[in-house]
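# Descriptive analysis of the structure
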Amino acid sequence: MKKESRTIILTLIYSTLSSYKEEVKMYLREVNIKPFLLSLFLTGNLIVGCQTGPKNSEKENAIASPMQLGERPNILWLVTEDMGPYIPSFGDSTIVTPNLSRLAAEGVVYPNLYSTSGVCAPSRAAIIMGMYPSSIGANHMRTTSYTEVTGLPSYGAVPPTQARMVSELLRMNGYYCSNNYKEDYQFEAPKTAWDESSPYAHWRNRDENQPFFSVFNFTETHESGLFEPYGFRNIETRHYHEGDRSYKWDGNRMAEEETPIHLPKDTEFDIPPYLPDTPKVRRDMWKLYNNVAEMDKQVGAVLKQLEEDGLLENTIIFFYGDHGGPLPREKRLIYDSGLNTPMIIRFPKKQLAGTKDTQLLSFVDFAPTLLSLIGIEPPSYMQGQAFLGKYKAENERKYIHGAADRFDGFTDAIRAVRDNQFKYIRNYRPEQGYYLPVDYRERIPAMQELLRLRDEGNLDSTQALWFREQKDPEELYDCITDPHELHNLAQNPDYSKKMEELRAEMDRWLNEIGDVPNLPEKELISKLWNGAKTQPITSAPNITSSNNKITLECATEGASIGYKIIDKNGTTPKVWSVYQKPFEVPAGSGLIVQAYRIGFVPSEIVETRVE
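A quick note: this is a predicted structure, and the numbers were derived from the prediction, not measured.

The rules behind these values
Residues numbered from 1 in each chain as written. Predicted model: local features only at pLDDT ≥ 70, side-chain atom pairs only at ≥ 80, totals over all residues. Heavy atoms only, no water. Helix = DSSP H or I, 4+ residues; strand = E, 2+ residues; numbered from the N terminus. Buried < 20%, exposed > 50% of the residue type's maximum accessible area, 1.4 Å probe, protein only. Areas by Shrake-Rupley, 256 points an atom, 1.4 Å probe, with all protein chains shown as cover. Contact = heavy atoms within 4.5 Å. Pairing = 2+ DSSP bridges. Axes fitted to C-alpha atoms, helices over the stretch in contact; angles between N-to-C directions. Parallel < 35°, antiparallel > 145°, perpendicular 65-115°, else oblique. Nonpolar A, V, L, I, M, F, W, Y, C, P; charged D, E, K, R; others polar. Core = buried A, V, L, I, M, F, W, Y, C linked by side-chain atoms within 4.5 Å. Phe/Tyr/Trp six-rings, centres within 6.5 Å; stacked < 30°, edge-to-face > 60°. Lys NZ or Arg CZ within 6 Å of the ring centre and 35° of its normal. pLDDT = per-residue confidence, 0-100. Left-handed = near helix turned anticlockwise from the far one by under 90°.

### Side note on the overall build of the protein
Scanning the protein for helices and strands turns up 16 helices and 20 strands. Classification of the 611 residues of the protein by burial places 57% in the buried group. As presented, the protein carries roughly 25,800 Å² of accessible surface, and 49% of it is formed by carbon and sulfur atoms.

### Here we look at helix α6 (residues 120–129)
For an α-helix, 3.6 residues make a turn, and residues three or four places apart therefore share a direction. Of all 10 residues that make up α6, 10 are buried, and the element is covered over most of its length. Inspection of α6 places C120, A121, P122, S123, R124, A125, A126, I127, I128 and M129 among the buried residues, and these make up the whole buried set. Buried-residue contacts for α6 involve β1 (74–80), α7 (133–136), α9 (166–172), β5 (212–218), β6 (315–321) and α12 (366–373). Looking one or two places after α6, you find G130, whose phi comes out positive at around 70°.

### Quick notes on the pairing of strand β15 (residues 549–553)
With burial as the criterion, only one face of β15 is covered, namely that bearing I550 and L552; the residues K549, T551 and E553 on the opposite face remain uncovered. Looking at chain direction, strand β14 (residues 542–546) and β15 are connected through five bridges and run antiparallel. If you follow S546 over to β15, its bridge partner there is K549.

### Let's talk about the packing of helix α5 (residues 98–105) against helix α10 (residues 279–308)
Across the interface, α5 lies against α10 with an axial gap of 7 Å and an inter-helix angle of 55°. As far as their axial angle goes, α10 and α5 are oblique. Packed against α5, whose contacting residues are P98, N99, L100, R102 and L103, the element α10 presents M295, D296, K297, V299, G300, L303 and E307 at the interface. Each residue belonging to the contact of α5 with α10 can be placed in one class, and the counts come to six nonpolar, two polar and four charged.

### Let's talk about the nonpolar core
L76 and L78 are the most contacted members of the largest nonpolar core, which has 74 residues in total. Considering every element that reaches this core, the biggest residue donor is α10, with 12 residues. With near-sequence residues (within four places) excluded, L78 lies in contact with F216, F218, V299, V302, L303, I317, F318, F319 and Y320. Formed by 66 residues, the second largest nonpolar core is a distinct cluster that contains I127, V166, F363 and Y596.

### Some points on unusual backbone geometry
Here the amide bond leading from N180 into Y181 is cis, since omega sits at -10°, within 30 degrees of zero. Considering the arrangement of structural elements, one finds Y181 in the loop between β3 (176–180) and β4 (196–197). The amide bond that connects E228 to the next residue, P229, takes the cis arrangement and shows omega of -5°. Along the chain, the position of P229 falls in the loop between β5 and α10.

### A short note on the sheet that holds strand β13 (residues 474–478)
Whether parallel or antiparallel, the strands of a sheet pair through hydrogen bonds between backbone atoms. Spatially, β10-β11-β12-β13 is the arrangement adopted by the four strands of the open sheet, whose pairing is antiparallel. The open sheet has two edge strands with one neighbour each: β10 (400–404) and β13. Recorded for the sheet is a direction-independent mean angle of 15° between the axes of neighbouring strands. Of the strand pairs in this sheet, strand β11 (residues 414–418) and strand β12 (residues 422–427) are connected by five bridges, and their pairing is antiparallel. Directly across from A416, in β12, lies its bridge partner I425. Strands β10, β11, β12 and β13 of the sheet are contacted by helix α15 (residues 496–513), whose axis makes an angle of about 60° with β12.

### Side note on the packing of aromatic side chains
Enumeration according to the criterion identifies 29 aromatic pairs in this entry. Relative to F187, the ring of Y185 has its centre 5.8 Å away and its plane inclined at 35°; by these criteria the two rings are tilted. Between Y563 and F583, the ring centres sit 4.2 Å apart and the planes meet at 10°, which makes this aromatic pair stacked. Of the two residues, Y563 is situated in strand β16 (residues 560–566) and F583 in strand β18 (residues 583–584); the sequence distance between them amounts to 20 residues. Here Y563 falls in the buried class, since its relative accessible area comes to 12%. Classification of F583 by relative accessible area gives buried; the value is 11%. A network of ring pairs unites the aromatic residues W77, W194, F213, F318, Y320, F363 and F366 as a single cluster. One residue, K471, lies across the ring of Y434, its end atom 6.0 Å from the ring centre.

### Side note on the confidence of the model for the protein
Here the protein shows a mean pLDDT of 91. Residues at 70 or above account for 89%. Scored below 50 in pLDDT, residues 1–62 makes 76 contacts in the model with residues more than four places away or belonging to other chains.

### Digging into the packing of α10 against helix α13 (residues 445–456)
Orientation of α10 relative to α13, taken along the N-to-C sense of each, is 160°, at an axis distance of 8 Å. It follows from the interaxial angle that α10 and α13 lie roughly antiparallel. Of the two elements, α10 crosses α13, and the hand of that crossing is left-handed. Taken together, the residues of α13 that come into contact with α10 (itself represented by K280, V281, D284 and K287) are P445, A446 and E449. Taken together, the residues that form the contact of α10 with α13 break down as three nonpolar, no polar and four charged.

Rendered as structure tokens:
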């Protein structure tokens, strides 16, 4: 084909891809597709994306089409930290991300995923339990630290007795479950939660042909990556050597001169209006995008291993962040900048490739969806709903919900509800200002700039909003026309009906999950501990043997019981098995057993020998 003809064809194709034009251009540049393959790629793959683009009717048809996922698909979660929509597949072309752009081109983009909190530990509790953090005592950041400031004891969230970490439920259904490596659930994970949770955890350690659920966490994008002196974390280099237990690293960061540079330092950035345009802020923006580009490379290393193992086409791949962005007025806040995070899901054989699903999704939906994808009905205690799989909810979400409480040594009480356009925020401490002087955040140079300009009286009216001495009791934002949530409409009579609707939804949600905003944390702990002065202790497991079968029991209701069988040679397995029913043990074997009720102190370990 002549160059002129090819140019005309590509121009026509690009003109039809109005919603995806920049994303497509970026992707093609990233993967370096040859000219003669370029037209084939566009006509063969991305025209499908055009046909099933973001128009609601087309999107619904695309997502509603039946998928072939198999009965027990592998599931891979790629989870990064402090992640706003900073990548081309979500409209930001500042950097190239070839691996995430490929994932998006071969999968489904979900632009409306929201965490339940603007910070990691409460959000990760929601993900792993399928429950709102404020319903189980996981809402304060964190439950185990800053006790010298709060004067409170260290404690853990206490979910209902029937609740289990979703990874344990998958293990009970035959899945190999690995986590690499961050946990941070607001409680100590039971030994039964994972087959392995470590910096070396990997699906490659499973039994042959065993389905897996593997989580890889990427921490380069964490807000601490903006601190000075700047440099990548050495521990994150493990992603280029995943599963290799001989690979070691030191605990420090690289020096800046050793740290790879993925974009020029003089790049022009679109700085959010709530941040000042100063050299230090621009440098933080550079660090943010440089970190995201490095994370993309690490994601690519994991995906390469999946492909090398021949598992790409029978694995459902999720990529998402653990909440919104890391910058000031993003992380910890209940605005979209703190809650909204990108998600991409790639299905086997590129099913629904190049499409976008705009439905509202919450972090509490992950656990029920995970179970639904493997054909297990989500238990009734879960507060989210499945958005994929056999038990997919009949109706899409109409609202998402969020909360903000204590952050380190500073306590607030805020709740939010959002539909597909408007967000309603209720401030339970309006007499208290918006800004909390969290020491950790103040290590970010951009935060230091905000404080310097505030003290000098040089913030503009938008940047000064965050530093008001009192909060509005209620806030309402049109998140489409006002994406940074700067113009409060709560007092505007034109929006009175919307205010009534979202107030009612807020009250319904709080009542349904048993959330009492502004409950003193001391009273919350007493409630979790059932009035006890100290953290409850899980009862020691009871071991009985009858008819050559071992039965394990625990007097603490809701406790998971884990065990290891030591063979006659004294070999102890590394992995704790989840007790579900009586089992046989060869005579002369040893048995190690521990019980643990989430939020309690684990029981003592009981050992016995089977005669």
